[in-house]
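Each chain, letter by letter, is given below.
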Amino acid sequence: STANAPDDDAPSRYSRTERTTYSRYSRDANSSGSSLPSNTLEKRIEELERELAKERQENARLMKVVQDKEELIGKLKEEIDLLNR
């Protein structure tokens, strides 16, 4: 169960990263010295948000796979213990 501890803070880590990224792009869009028009930055933000959503889905899928494998390992260890007795 201690192996799962780093995964517990994964959602907060991603949301913190998302907020930082969003605020960074917002500042860029609002700055007068920005080399890109704000609509270009808004499109980039939307593109990054879609990419982030896809990556989160993939992350959730992979975490489910890991959880399923860990459950299988636990069951197999129990079966080995029974067979050894």
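For the structure, check the block above.
Treat the numbers as computed from the prediction; the structure is a model and nothing was measured.

**Structural notes on the overall build of the protein**
For the protein, the count of helices and strands is 3 helices and 0 strands. Ordered by position in the sequence, the α and β elements of the protein form the string α-α-α. When the 85 residues of the protein are sorted by exposure, 6% land in the buried category. Working note: accessible area of the protein is about 7300 Å², and carbon and sulfur atoms make up 52% of it.

**Some details on the pattern of salt bridges**
Scanning the model with the defined rule gives 3 salt bridges in all. Its salt-bridge partner being Glu47, residue Arg44 comes within 2.7 Å of it at the nearest N-O pair. Taken together, the residues span about one helical turn, with Arg44 and Glu47 both in helix H3 (residues 38-84) at a distance of 3 residues. Judged by its relative accessible area of 34%, Arg44 is partly exposed. Glu47 gets classed as partly exposed once you look at its relative accessible area, which sits at 39%.

Cut-offs and rules
Along each chain, numbering runs from 1 in the same order as the chain's sequence is written. Local features in a predicted model are, by the rule used here, given only for residues with pLDDT of at least 70; side-chain atom pairs are given and counted only at 80 or more, and totals for whole chains, interfaces and linings are based on all residues. Derived side-chain values reflect all non-hydrogen atoms in the structure, with water molecules and hydrogen atoms excluded from consideration. Under the DSSP-based scheme used, a helix requires at least four consecutive residues in state H or I and a strand at least two consecutive residues in state E, with every element numbered from the N terminus. Exposed residues in this analysis have more than 50% of their type's maximum accessible area, buried residues have under 20%, and partly exposed residues fall in between, with area computed by a 1.4 Å probe over protein chains only. Throughout, the Shrake-Rupley method with a 1.4 Å probe supplies accessible areas, and for residues the shown protein chains are the sole cover considered. Should a side-chain nitrogen of Lys or Arg be within 4 Å of a carboxyl oxygen of Asp or Glu, the pair is scored as a salt bridge.

Function cannot be inferred from these measures alone, as they are strictly geometric.
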